[in-house]
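Residue-level structural notes
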Amino acid sequence: MYHNDYLGTSVSLPKEWYVQSQRAQEQLFNVGTEIVAGDKSELRAIAKSSQASTTNLFTVLEHPLGSPIPFIANIVCLAASTANSPGFTAQENLYFIRRTMEMSQLEVEFLESMTTSTIRGKEFDVMQVEMNVKGLTIKQTYYSIIHKNYALTLIIAYQSDEQQEVLQSIVDSITFD
């Protein structure tokens, strides 16, 4: 179980999954920036700027980091301060993420227009993405909500329907005090 007292949120995490340390989360962010930005200095600057105002609350992997498999299903939870952006919406947050991804060197397909999903009485804006990374098709679903002056974003990444089901159950477990 993950709980954040400040945000008043809790998420049930599978006991057999692997919660990453703060250091491992930073390393994963840096690897992700390399994959997304490549040699595009503008994207590197955007990543560095967003890292300054965003906290990685947790990253949880289905298998240990470094496992000899092509892809590890995972969930990431980010909190980006919106205190200096009154009226900033979850949809705008996803739009910013989308624009950044469109600028990247990745082959990204946005599967449908943004939608909403009600989870435990709270409305999240949702964006579904499919991308090709080093020959692997990776699917991601982004869930965003503005809560206590933060854009709270849950990102699930998976390849199979089975992985998606497990990850969706994690998302569906979120509670707000």
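Our structure's up above, just so we're on the same page.
Residues numbered from 1 in each chain as written. Predicted model: local features only at pLDDT ≥ 70, side-chain atom pairs only at ≥ 80, totals over all residues. Heavy atoms only, no water.

1. Observations concerning the overall build of the protein
Along its length, the protein carries four helices and eleven strands. Put simply, the protein has 177 residues, and 44% of those count as buried. Taking as baseline every contact in the protein between residues at least 6 positions apart, the subset at least 24 positions apart corresponds to 56%. Accessible area for the protein stands at about 9,700 Å²; split by element, carbon and sulfur atoms hold 49% of it. (Helix = DSSP H or I, 4+ residues; strand = E, 2+ residues; numbered from the N terminus. Buried < 20%, exposed > 50% of the residue type's maximum accessible area, 1.4 Å probe, protein only. Contact = heavy atoms within 4.5 Å. Areas by Shrake-Rupley, 256 points an atom, 1.4 Å probe, with all protein chains shown as cover.)

2. Focus on the packing of aromatic side chains
All chains considered together, the criterion is met by three aromatic pairs. Between lysine 122 and the ring centre of phenylalanine 176, over which it is positioned, the NZ or CZ distance is 5.5 Å. (Phe/Tyr/Trp six-rings, centres within 6.5 Å; stacked < 30°, edge-to-face > 60°. Lys NZ or Arg CZ within 6 Å of the ring centre and 35° of its normal.)

3. Things to note about the environment of methionine 127
Here methionine 127 is to be found in strand E8 (residues 122–133). Owing to a relative accessible area of 1%, methionine 127 belongs among the buried residues under this scheme.

4. Things to note about the sheet that holds strand E11 (residues 175–176)
Taken together, the three strands give an open sheet; going across it, the order is E1-E2-E11, and neighbouring strands pair in antiparallel fashion. Each edge of the sheet is formed by a strand with only one pairing partner; in this case those strands are strand E1 (2–4) and E11. (Pairing = 2+ DSSP bridges.)

5. A look at the pairing of strand E5 (residues 74–81)
Among the eight residues of E5, six are classified as buried, and the element is accordingly described as predominantly covered. Inspection of the sheet shows strand E4 (residues 54–61) paired to E5 by seven bridges, in the antiparallel sense. Residue pairing across strands places threonine 59 opposite valine 76, the latter belonging to E5. By the bridge criterion, eight bridges tie E5 to strand E10 (residues 150–158) in an arrangement that is antiparallel. The residue of E10 that forms the bridge with leucine 78 is threonine 153.

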